Amino acid sequence: MKKVITYGTYDLLHFGHIRLLERAKELGDYLIVGVTSDDFDKVRGKINVQQPLNERVQAVQNTGIADEVIIEEYEGQKIDDIIKYGIDIFTVGSDWVGYFDYLKEYCEVVYLDRTQGISSSQIRDEKRAINLGMVGVPPVLLKYSRECSYVNGVNIKAMCTDDQENYPKNLKCDLVTSDYEVMLAHVDAVYIHSDPVSHYEQVKYALEQGKHVLCESPIALTKDQTKELFELAEKKQVVLMEALKTAHSLAYQRMVVLIKSGRIGRIVSVDATCTSLRDIAGDDTTRFAPKWNSLCSWGPTAMLPVFQILGTKYKEKSIISQFAKERENYDLFTKIDFIYDSAVASIKVGKGVKSEGELVISGTKGYLYVPAPWWKTDYYEIRFENPANNKRYFYQLDGEGIRYEFVAFARAIHKGNTINRISRETSETISSVIEDFYCHKDMKIII
Ligand code: CTP
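Trainee: So what exactly am I meant to see when it comes to the sheet that holds strand β12 (residues 212-216) here?
Mentor: For sheets, the rule is that strands pair by backbone hydrogen bonds, running either parallel or antiparallel. Pairing is parallel across the open sheet formed by six strands, whose spatial order is β10-β9-β8-β11-β12-β13. Only two strands of the sheet have a single neighbouring strand rather than two, namely β10 (175-177) and β13 (240-243). Between one strand and the next, the sheet's axes are offset by a mean angle of 25 degrees, whatever the strand orientation. Note: strand β8 (residues 130-135) against strand β11 (residues 189-192), four bridges, orientation parallel. Pairing of V135 across the sheet is with I192, part of β11.

Put into C-alpha cells, the structure is as follows:
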C-alpha cells in the first residue's frame, strides 16, 4: 500500500484545498492529512487564522478525502511522521517548491500545481478586512504598523499625528493627517497611542462614531470615565479594548494559569517592577512627545499581574511618588503597595529611575520568577526550597505580543463581542488607581 502525507492550515476550507487533497489521494492508496495547530504561518509571516484547530480538522474530515487526519504540533514533526507512518510520498502545493526537498532523504517529494486565484489569505482579506487608523507619534506609528503588517485582514488606512515633519517616509498609507475627525471618517477601527490626557475624549468620540477602539492603557484617567466608555461601547455595539501587550504574551498567559492551578501554593505576594529611562516616543523633550509619566507608562503593565492574580478587591493601598521639579504631574518614580485580606502586592515604576525589571510571585509552596524585562518575556521559572524541584518554562514571543494584540482585537470585532484578556473590572481598577494618584489620595510624596 502506497502511503501519502500532506500538511496545511486549511483555514476557511476552499476549492483549492479540495483539489489539492483529491490529487494527493490519487498519488497513492492511503492519504494522511496533517493540520497545523499553529495560528501563525511563520514562513509567510501572517497570523490571524480564523478558525480554531478543531473546526479546521473537522472541515478536512468532512471532505471525506483523507483516510486519516493528524495534528502537526511541532517543528521537525514531518520527519517523525514520515518514519512513524511509513510514508512513501510527501506532497504539498507548488507554492512550496524546493522548501521540502530536505525530506527527499526519507521519501519521495511531490509538488502539485497550486490552484490559481484562491487562497485562505485572500478570503480572509476580502471577507474580513478591517480598515484601521492609528493615532500617535511617528516612532509609535512605525513600530505598531510594522507589527500590524503580520496580521491578516487588518489594513492600515489612515494615520493621525501632530508631528507631520518626522512622519517616516517609508510608511505608506492612504491618509496622513493631524485631524483626528478626518482620520476617523476613513476607518472602521482605531488604535490610540496619544497623550493619556487625550484618551478619554478620543475614545469617546470614536465610539460615538461607531468605530471599534483599541486604546493604549490607561483608557481614561478616572474610574467613572473608563466605566462610561465601556458602557458606550456596549450601547454602540462596538469593541473597546485596553491595549496592554503583556496580556498577549504566551509566557505571561501560561504563567497566570500555572499560578491559578496552585502549583506554588497560596499566593501571598506579587511584586512587579517596570522602569525605563527612555520610551518608544523618544526622549520626551520634543514638542509633540506625549506626556507619559511613570505611572501612566508603566503602572497598567505592573498592575496587570497584581489584579489578575490577587483580584481587584484590595483593602488598602499606599502610593509613594517622587516628582520631577520642572514638569507638572510627572512622577520620576512611583511605588504602590496593595494590601489584601491575606496577601500583599507592590509595584515599582519609573521613567527617571532604573531598576531590575523583574516579577516575583511568592506562594506558600514556592515562588515564580520572571527575569527582566518580565513584561516581554518568553521565559519564567518556578523555584522551590529543594532546587531539584525547580522548573523552567520557555515560550515563543513574537513582536513583544503586539501582533497578537491586534489579532485579538480583529477577532473581537469579527465575533461581535468584547471578550478580552483584560476584564473590564481590571481596566476600571487600573484607572481608579491612576485617578487616586492624580488626586493625591492615599499618597505620600518624597522629594
Ligand atoms: N493549496 C493549493 N491551491 C490553493 C491554495 C492552497 O493547492 N489555491 C494547497 C497548498 O499548497 C497546501 C494546501 O493546499 O499544500 C494547504 O494550504 P494552506 O496553506 O492551508 O492554504 P492557503 O490557501 O495556501 O493559505 P494561505 O492563503 O494562508 O497561504
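On we go from here.
Trainee: For this particular structure, what's the right way to read the sheet that holds strand β16 (residues 331-339)?
Mentor: Read from one edge of the open sheet, nine strands run β21-β20-β19-β18-β14-β17-β16-β15-β22, paired in mixed fashion. Of all strands in the sheet, those with a lone pairing partner are β21 (391-394) and β22 (443-446), marking the two edges. Along the sheet, successive strands turn relative to each other by an average axial angle of 10 degrees, direction set aside. In terms of strand pairing, strand β18 (residues 359-363) meets strand β19 (residues 366-370) through four bridges, oriented antiparallel. The residue bridging L359 from the neighbouring strand is V370, located in β19.

Trainee: Just to check I follow, could you spell out the pairing of β11 for this structure?
Mentor: Every regular strand shows the same layout, with side chains that alternate between the two sheet faces. Neither face of β11 is left uncovered, since the one carrying A189 and Y191 and the one carrying V190 and I192 both have all their residues buried. As paired strands, β11 and β12 are joined by four bridges and run parallel to one another. By the bridge assignment for β12, V190 is matched with V213. Regarding topology, helix α7 (residues 196-208) serves as the crossover connection from β11 to the parallel β12, and that connection is right-handed.

Trainee: Mind showing me how you'd approach the side chain of K78 here?
Mentor: Its location among the elements puts K78 in helix α3 (residues 77-85). Here K78 falls in the buried class, since its relative accessible area comes to 12%. In this structure the side chain of K78 is engaged in a polar contact, spanning 2.6 Å, whose partner is the side chain of E72.

Trainee: Any chance you could explain unusual backbone geometry here in plain terms?
Mentor: Note on backbone geometry: most residues besides glycine have negative phi, and most peptide bonds are trans. Looking along the chain, the bond that leaves S217 and enters P218 is cis, with omega of 0 degrees. Tracing the backbone shows P218 in the loop between β12 and α8 (223-236). The step from A372 to P373 runs through a cis peptide bond, and the omega angle for that step is -10 degrees. Mapping P373 onto the fold places it in the loop between β19 and β20 (379-384). Its identity is not glycine, yet Y10 carries a phi of approximately 55 degrees, on the positive side. Along the chain, the position of Y10 falls in the loop between β1 (3-8) and α1 (15-26). Here Y10 falls in the buried class, since its relative accessible area comes to 5%.

Trainee: Can you walk me through the packing of α8 against helix α12 (residues 424-439) in this structure?
Mentor: A pair of packed helices can be characterised by two numbers: the angle between their axes and the separation between those axes. Look at α8 against α12: their axes get within 7 Å of each other, and the N-to-C directions meet at 150 degrees. Between α8 and α12, the crossing angle belongs to the class labelled roughly antiparallel. Every residue of α12 that contacts α8 at K223, T226, K227, F230, E231 and E234 is listed here: R424, S427, E428, S431, S432 and E435. Tallied by class, residues from the contact of α8 with α12 come to one nonpolar, four polar and seven charged.

Trainee: Would you take a moment to explain α1 for this structure?
Mentor: Every α-helix winds through 3.6 residues per turn, so residues three or four apart in the chain are directed the same way. End to end, α1 covers 17 Å across twelve residues, agreeing with the expected 16 Å (1.5 Å per residue, within 8%). If you check which residues of α1 are buried, you get G16, H17, L20, L21, R23 and A24.

Trainee: I'm lost on the packing of aromatic side chains in this one. Help?
Mentor: Aromatic ring pairs are described here by two measures, namely the spacing of the ring centres and the angle between the planes. On inspection of all chains with the given rule, the structure shows 21 aromatic pairs. Here Y380 and Y393 contribute two aromatic rings whose centre-to-centre distance is 4.9 Å and whose plane-to-plane angle is 20 degrees, an arrangement assigned as stacked. Placement of Y380 in strand β20 and of Y393 in strand β21 is noted, with a sequence separation of 13 residues between them. Three or more aromatic residues joined by ring pairs make a cluster, and in this case those are Y7, F90, W96, Y99, F100 and Y102. Positioned above the aromatic ring of Y330 is the side chain of R327, whose terminal nitrogen or guanidinium carbon lies 4.2 Å from the ring centre.

Trainee: Explain the nonpolar core to me, please; I cannot follow it from the model alone.
Mentor: It is characteristic of soluble globular proteins that their nonpolar side chains tend to be buried jointly. By size, the foremost hydrophobic cluster in this structure holds 52 residues, and its most contacted members are M255, F338, I361 and L368. Counting residues per element, this core draws most heavily on helix α10 (residues 294-310), which supplies ten residues. I361 has contacts with M255, I259, I264, I267, S269, V270, I309, G366, Y367 and L368, leaving out every residue within four places of it along the chain. With 28 residues, the next largest nonpolar core counts L141, M159, C173 and F409 among its residues.

Thresholds, definitions, all that
- Residues numbered from 1 in each chain as written.
- Predicted model: local features only at pLDDT ≥ 70, side-chain atom pairs only at ≥ 80, totals over all residues.
- Heavy atoms only, no water.
- Pairing = 2+ DSSP bridges.
- Helix = DSSP H or I, 4+ residues; strand = E, 2+ residues; numbered from the N terminus.
- Axes fitted to C-alpha atoms, helices over the stretch in contact; angles between N-to-C directions.
- Buried < 20%, exposed > 50% of the residue type's maximum accessible area, 1.4 Å probe, protein only.
- Right-handed = clockwise from strand over helix to strand, strands pointing away.
- Polar contact = N/O pair within 3.5 Å; in protein donor to acceptor, adjacent residues only side chain to side chain.
- Parallel < 35°, antiparallel > 145°, perpendicular 65-115°, else oblique.
- Contact = heavy atoms within 4.5 Å.
- Nonpolar A, V, L, I, M, F, W, Y, C, P; charged D, E, K, R; others polar.
- Expected span 1.5 Å × (residues − 1).
- Phe/Tyr/Trp six-rings, centres within 6.5 Å; stacked < 30°, edge-to-face > 60°.
- Lys NZ or Arg CZ within 6 Å of the ring centre and 35° of its normal.
- Core = buried A, V, L, I, M, F, W, Y, C linked by side-chain atoms within 4.5 Å.

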